[in-house]
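# Overview (structure and organization)
Spelled out from the first residue to the last, the chains are:
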Amino acid sequence: QVQLVESGGGLVQAGGSLRLSCAASGRTFSPYTMGWFRQAPGKEREFVAAINWSGGGGRTSYADSVKGRFTISRDNAKFTVYLQLNSLKPEDTAVYYCAAGWGTIRVGVLHEYDYWGQGTQVTVSS
């Protein structure tokens, strides 16, 4: 069983930055592929970024809409994954969710993930 707790959301002006954190609790962390998703009001939850488990080389993946602006990273010793959000736009406004999936998974597919956090709100004003 893994519990995920996101933090770091808030209100920021367009062009600003935020750093989201997701702390995991459980017996292990490095075998999990970690992902970030977001859901805006009235829209479906969508893939943002993912970082493979350690055995998968820690490769990162990004949605086209955030490529070059967001950076995902992980600290296996701290059981934590991060999402650095730069050059934020009003359309980035959403609840951001952290998710964990065992081993090698299709990172953009919601049901591939086994555990989800409760989410943290990011609001970008114009």
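Cut-offs used in this document
Residues numbered from 1 in each chain as written. Predicted model: local features only at pLDDT ≥ 70, side-chain atom pairs only at ≥ 80, totals over all residues. Heavy atoms only, no water. Disulfide = S-S within 2.5 Å. Helix = DSSP H or I, 4+ residues; strand = E, 2+ residues; numbered from the N terminus. Buried < 20%, exposed > 50% of the residue type's maximum accessible area, 1.4 Å probe, protein only. Salt bridge = Lys/Arg side-chain N within 4 Å of Asp/Glu carboxyl O. Contact = heavy atoms within 4.5 Å. Polar contact = N/O pair within 3.5 Å; in protein donor to acceptor, adjacent residues only side chain to side chain.

This part covers the state of the cysteines. Evaluated as defined, the whole model comprises one disulfide. Bridging Cys22 to Cys98, the disulfide has an S-S length of 2.1 Å. Its S-S torsion of approximately -75 degrees makes the covalent link between Cys22 and Cys98 left-handed. Taken as a pair, Cys22 in strand 3 (residues 18–25) and Cys98 in strand 9 (residues 94–102) lie far apart in primary sequence, 76 residues in all. In this structure Cys22 comes out as buried when scored by relative accessible area, which is 0%. In this structure Cys98 comes out as buried when scored by relative accessible area, which is 0%.

This model, assessed by the stated rule, comprises five salt bridges. Salt-bridge contacts for Arg38 lead to Glu46; the nearest nitrogen and oxygen are separated by 2.7 Å. On the basis of relative accessibility, which here comes to 36%, the residue Glu46 falls in the partly exposed class. Between Arg38 and Asp92 there is a salt bridge, and its shortest N-O distance comes to 2.9 Å. Of the two residues, Arg38 is situated in strand 4 (residues 32–39) and Asp92 in the loop between strand 8 (80–85) and strand 9; the sequence distance between them amounts to 54 residues. A single burial state applies to Arg38 and to Asp92, both of which are buried. What you see here is one network of salt bridges that share partners, running through Arg38, Glu46, Arg69 and Asp92.

Right, let's get into the environment of Arg74. Along the chain, the position of Arg74 falls in strand 7 (residues 70–75). Classification of Arg74 by relative accessible area gives buried; the value is 16%. Residues Arg74 and Cys22 lie 52 residues apart in sequence; the distance between their C-alpha atoms is 9.3 Å. Excluding anything up to four places from it in sequence, Arg74 contacts Phe29, Ser30, Tyr32, Thr33, Met34, Ile51, Asn52, Trp53, Thr80 and Val81. A distance of 3.0 Å separates the side chain of Arg74 from the backbone oxygen of Asn52, its partner in a polar contact. Here Asn76 takes part through its side chain, which lies 2.8 Å from a polar atom of the side chain of Arg74.

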